[in-house]
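Below, each chain spelled out in residue letters.
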Amino acid sequence: MSEDNKDDEGDGQGKTGVLTKTRPKTKKPSMYKVLMLNDDYTPMDFVVHILLSYFQKSEEEAVKIMLNVHQTGVGLCGVYSYEVAETKAMQVIDNARRNEHPLQCTLEKE
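Residues numbered from 1 in each chain as written. Predicted model: local features only at pLDDT ≥ 70, side-chain atom pairs only at ≥ 80, totals over all residues. Heavy atoms only, no water.

A contiguous nonpolar patch, built from Met31, Leu76 and Val79 and spanning about 210 Å² of accessible area, is present on the exposed surface. Locating Met31 in the fold gives a position in strand 1 (residues 31-37). (Patch = residues over 30% accessible without salt bridge, like charges linked within 9 Å, V, L, I, M, F, W, Y side chains within 5 Å. Areas by Shrake-Rupley, 256 points an atom, 1.4 Å probe, with all protein chains shown as cover. Salt bridge = Lys/Arg side-chain N within 4 Å of Asp/Glu carboxyl O. Helix = DSSP H or I, 4+ residues; strand = E, 2+ residues; numbered from the N terminus.)

If you want it as structure tokens, here you go:
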């Protein structure tokens, strides 16, 4: 190799650059409402029991939600991340079936 070709390979000297560190943007997880649906068969006291047991509502809150479900057809049990909301809804439905009630819970993205 001749002396001239050595310069073509480049040794990186004399070049400048800026090294930047980028942070990945973290997105807040979507939240989901757990909604309880009215039916004509599930006893009101069972609905209150479910709200106390699975959603840690006070007796007063549970009765208020139960009456809302009864009067309007739907009631908000709580808002959670998808996994928590799905688990709570499934636990409620499983418990209702074990007790032979048709109670339903659904999820709705907030």
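Don't stop here, the text continues.
Turning our eyes to something else, we now look at the packing of aromatic side chains. In the structure shown here, the tally under the stated rule is two aromatic pairs. For the pair Tyr32 and Tyr82, a centre-to-centre distance of 5.1 Å together with 70° between the ring planes defines the contact as edge-to-face. Of this pair, Tyr32 sits in strand 1 while Tyr82 sits in helix 4 (residues 82-98), placing them 50 residues apart in sequence. By relative accessible area, which is 34% here, Tyr82 ends up partly exposed. Where Phe55 meets Tyr80, the ring centres are 6.3 Å apart and the plane angle is 35°; that geometry is what we call tilted. (Phe/Tyr/Trp six-rings, centres within 6.5 Å; stacked < 30°, edge-to-face > 60°. Buried < 20%, exposed > 50% of the residue type's maximum accessible area, 1.4 Å probe, protein only.)

Attention shifts here to helix 3 (residues 59-72). An ideal rise of 1.5 Å per residue puts 20 Å on 14 residues; helix 3 measures up with 20 Å between its terminal C-alpha atoms. Inspection of helix 3 places Ala62, Ile65, Met66 and Val69 among the buried residues, and these make up the whole buried set. All buried residues of helix 3 fall inside an arc of 100° around its axis, so they share one side. Facing away from the buried surface of helix 3 by more than 90 degrees, the exposed residues are Glu60, Lys64, Gln71 and Thr72. Summarising the contacts, the buried residues of helix 3 are in contact with strand 1, helix 2 (44-55) and strand 2 (74-81). Just beyond helix 3, the residue with positive phi is Gly73, at close to 95°. (Expected span 1.5 Å × (residues − 1). Arc of directions from axis to C-beta. Contact = heavy atoms within 4.5 Å.)

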